[in-house]
There are 2 protein chains.
Amino acid sequence: MPDGKNRQILLAARPVGEPKPSDFRMVETAIPTAGPGQVLARTIFLSLDPYMRGRMNAGKSYVRHLEIGEVMTGGAVSQVQASNDPRFKPGDIVEGRTGWQDYAAVDAGEVRRIAPDLAPISTAVGILGMPGMTAYTGLLNIGQPKAGETVVVGAASGAVGAAVGQIARIKGARAVGIAGGPDKCAHVKRDLGFDECLDHRAPGFAEALSKACPKGIDVYFENVGGPVFEAVLPLLNPFSRVPVCGIIAHYNATELPAGPNKVPVLMRAVLSNRITIRGFIVFDYADQQDEFLRTMSGWIREGRVKYREDVVDGLENAVEAFRGLLRGRNFGKLVVRVSPDPTAAAR
Amino acid sequence: MPDGKNRQILLAARPVGEPKPSDFRMVETAIPTAGPGQVLARTIFLSLDPYMRGRMNAGKSYVRHLEIGEVMTGGAVSQVQASNDPRFKPGDIVEGRTGWQDYAAVDAGEVRRIAPDLAPISTAVGILGMPGMTAYTGLLNIGQPKAGETVVVGAASGAVGAAVGQIARIKGARAVGIAGGPDKCAHVKRDLGFDECLDHRAPGFAEALSKACPKGIDVYFENVGGPVFEAVLPLLNPFSRVPVCGIIAHYNATELPAGPNKVPVLMRAVLSNRITIRGFIVFDYADQQDEFLRTMSGWIREGRVKYREDVVDGLENAVEAFRGLLRGRNFGKLVVRVSPDPTAAAR
């Protein structure tokens, strides 16, 4: 506990394009007190995710944006320090949207208990958390891959993409990943078991994708946009499905990025091939959380789903880690270890 | 029967942009003979539809394109002159894809019998044919309008759009049409009973659309594309649905037309509002034809669905009529009366 203070990282300015260090500000405040019905939680693992970039902008989105001076939003795994709710006691491990800070006093209904014996607790913001559930719900509800079909996903070494491909394989589909650089591609094929993984930075990427999908593409899980989508579009099969969960390539964009930038080209493909494009966010499927946790933790136990974490130590390094995330510098699910994991010794 | 000859209109050249008269050629051949299992059909009403423009292009589409020198494709209502199939006898009225010609010898399995007492036989290529079924299946399967929702459709005085809005009203939704010019708009509101109809050529169209949809848009039935889609996009509600059946604005396009021409803008809306965009063609729902015919003919009998036809006389005028269709010059479902309707006197 750093001097009994609560370090917080605030939104200092709305970024133009890529966030600069000066768009954030770290402050120290008093550790808050749990109010009636609240718990005081100490952050262990803070999750860093691409969607956070969108929250830094003003303007309408699917959730409200951050105000200047507000603590940066984010899911985290924490330990309860004090509780004014009978459901929690000090020492419990919980997950909730407690933000970029050492401590948070939050309503007990806003956090969920994590079972440390199920899996490492950091997975509660990764493969067993929002990214894993985004992959699971979007792929199964919208993508609906069938045995023998081809599923393509970008950012395949990232938290969502890695899960998408592995679930596709479990459903009997062919999984083709796209990632940035040979090391990530090797990991995606060797460790995650994708059938193919292509480096979108390599010359001839579009041709390589076409060769890797000799029977076309039945499901394209859209989480990157830009040139990857452009290469995918002509390969989409009749009655293919495109779940859209986020478009990393656009988050920092001040100008519109490259890609299939003409809507008529897209709509012609939609019509000719009766493509379904459907946006979703994980909260749309909140009622599937129990099923997701049960199924996914089973797959992890059976060794059918693997995951990789990229752990950065220290809240003070969160800003640089986040900037790297938006450039694709992380390798696996990016989390910040804000305080020591008290359950680590037990495993 | 013109001199015992069969006039045929052939594709003479692939149009660049808007079809020119020289892209078509009329020839006279002998009246064909019905082969084994075939019927000889004499065309009464030839349907002219925007999709035909797409068939004139080379290149991959959802159906094969026409070859140079081939008879122009098209659905028609015809009378059987001779039959080598026990299901049909001379005098029967049938509908099938017999093309732009006076006579056709076709396999009996390729035509369906029309009951002249159900409705005027021309409706078999209109409200009770492909356009009506496109509206019905696309709106109900993909659009899924609910009571109190807002449904927007372009080309609202055309064969598909008119049906879309009226079915939406039957389902308890608010129907907002878009059409070209005050006369068409007046017809759509007064005769077809839409709640609103806006002239997309009028200044301030986008603002007018926004005012006409105070609760946003839940279903946009996309059949026109271009600036109409551009005005619709910012008004689409969370979880809205966009069935895509055709994009008239693109059919003649040599350059990409105006409209929301940046895919990232579209995809951001898809994500933020969890929009579903889905292409379809009527053949995808062939198994719903009986239900469609039963339901729609009931609605027509009850006066709940109205339709308007724009009848042009003479096969020799088909090319000019088709060129006008692509410019929005028709007013109602466009058909060419190729030979007298033998059932007209009976009504």
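As the structure is a computational prediction, the values presented were derived from the model and not from experiment. (Residues numbered from 1 in each chain as written. Chains lettered and ligands numbered in written order. Predicted model: local features only at pLDDT ≥ 70, side-chain atom pairs only at ≥ 80, totals over all residues.)

> Just checking my understanding: could you explain the overall build of chain A for this structure?
Within chain A, the secondary structure is distributed over 10 helices and 15 strands. Across its three principal directions, the C-alpha atoms of chain A cover 60 × 45 × 35 Å. Counting every position in chain A, which comprises 347 residues, the buried fraction comes to 51%. (Helix = DSSP H or I, 4+ residues; strand = E, 2+ residues; numbered from the N terminus. Buried ≥ 20, exposed ≤ 12 C-beta atoms within 10 Å, placed from the backbone.)

> Can you help me understand helix H3 (residues 159-170) of chain A in this one?
Side chains of residues three or four places apart in an α-helix project in the same direction, reflecting 3.6 residues per turn. Residues and elements named next belong to chain A. Relative to the 16 Å expected for 12 residues at 1.5 Å per residue, H3 spans 17 Å between its end C-alpha atoms, a close match to the ideal helical length. The element H3 is extensively covered by neighbouring structure, given that 10 of its 12 residues are classed as buried. The complete set of buried residues in H3 reads Ala159, Val160, Gly161, Ala162, Ala163, Val164, Gly165, Gln166, Ile167 and Ala168. Those residues of H3 that are buried are in contact with helix H2 (130-143), strand S8 (150-153), strand S9 (174-179), strand S11 (217-221) and strand S15 (333-337). Once H3 ends, the next one or two residues include Gly172, with phi positive near 90°. (Expected span 1.5 Å × (residues − 1). Contact = placed C-beta atoms within 7 Å.)

> Can you walk me through the sheet that holds S8(A) in this structure?
Where strands meet in a sheet, backbone hydrogen bonds hold them as pairs that are either parallel or antiparallel. Taken in spatial order, the 12 strands make up an open sheet running S10(A)-S9(A)-S8(A)-S11(A)-S12(A)-S13(A)-S13(B)-S12(B)-S11(B)-S8(B)-S9(B)-S10(B), and their pairing is mixed. Edge positions in the open sheet fall to strand S10 (196-199) of chain A together with strand S10 (196-199) of chain B, since each of these has one partner strand only. Here the average twist between neighbouring strands, direction ignored, is 15°. (Pairing = 2+ DSSP bridges. Axes fitted to C-alpha atoms, helices over the stretch in contact; angles between N-to-C directions.)

> Got a minute to help me understand unusual backbone geometry in this structure?
Peptide bonds are mostly trans, and most non-glycine residues show a negative phi. Residue and element names in this part refer to chain A. Backbone geometry at Ala155 places phi at a positive 45°, although glycine is not the residue there. Relative to the helices and strands, Ala155 resides in the loop between S8 and H3. Residue Ala155 is classed as buried on the basis of its C-beta count, with 26 C-beta atoms lying within 10 Å.

> How do you make sense of the pairing of strand S5 (residues 93-96) of chain B when you look at a structure like this?
Each regular strand displays side chains that alternate between the two surfaces of the sheet. Residues and elements named next belong to chain B. Burial along S5 is two-sided: Ile93 and Glu95 and Val94 and Gly96, pointing in opposite directions, are all buried. Of the strand pairs in this sheet, strand S4 (residues 76-83) and S5 are connected by four bridges, and their pairing is antiparallel. Pairing of Ser78 across the sheet is with Val94, part of S5.

> Please clarify how the domain arrangement of chain A should be interpreted in this entry.
You'll often see interface size given as the accessible area lost when the parts meet. All names here are of chain A. Taken domain by domain, chain A holds domain 1 (5-126 + 308-346) and domain 2 (130-283). Here domain 1 and domain 2 have C-alpha centroids that lie 28 Å from each other. Counting residues at the interface gives 18 residues for domain 1, matched by 14 residues for domain 2. Top contributing element to the side of domain 1 that touches domain 2 by residue count: helix H1 (residues 51-55), with three residues. Broken down by class, the residue content of the side of domain 1 that touches domain 2 amounts to seven nonpolar, six polar and five charged. (Domains from an automatic or database assignment. Nonpolar A, V, L, I, M, F, W, Y, C, P; charged D, E, K, R; others polar.)

> It is not clear to me how the packing of helix H2 (residues 130-143) of chain B against helix H3 (residues 159-170) of chain B should be interpreted in this structure. Could you clarify?
Helix packing for two helices is described by the angle between their axes and how far apart those axes are. Residue and element names in this part refer to chain B. Running from N to C, H2 and H3 cross one another at 45°; their axes reach a closest spacing of 8 Å. As the angle between them shows, H2 and H3 are arranged oblique. The crossing of H2 and H3 is right-handed. Along the contact surface, H2 presents Pro131, Gly132, Thr134, Ala135, Tyr136 and Leu139, while H3 presents Ala159, Val160, Ala163, Val164, Ile167 and Ala168. Grouping the amino acids of the contact of H2 with H3 by side-chain chemistry returns 10 nonpolar, two polar and no charged. (Parallel < 35°, antiparallel > 145°, perpendicular 65-115°, else oblique. Left-handed = near helix turned anticlockwise from the far one by under 90°.)

> Honestly, the confidence of the model for chain A in this entry has me stumped. Any pointers?
Any region with low pLDDT has predicted coordinates that should not be read closely. Averaged over every residue, the pLDDT of chain A is 91; residues scoring 70 or more account for 93%. Here the predicted complex carries an ipTM of 0.80, next to a pTM of 0.85. (pLDDT = per-residue confidence, 0-100.)

> Help me understand the environment of Arg112(A), please; the structure alone is not making it clear to me.
All names here are of chain A. Mapped onto the elements, Arg112 comes out in strand S7 (residues 111-113). Under the C-beta neighbour-count criterion, Arg112 is labelled exposed, with 12 such atoms within 10 Å. When the C-alpha atoms of Arg112 and Met296 are compared, they prove to be 17 Å apart, with 184 residues separating the residues in sequence. If sequence neighbours within four positions are ignored, Arg112 has contacts with Val94, Glu95 and Gly96.

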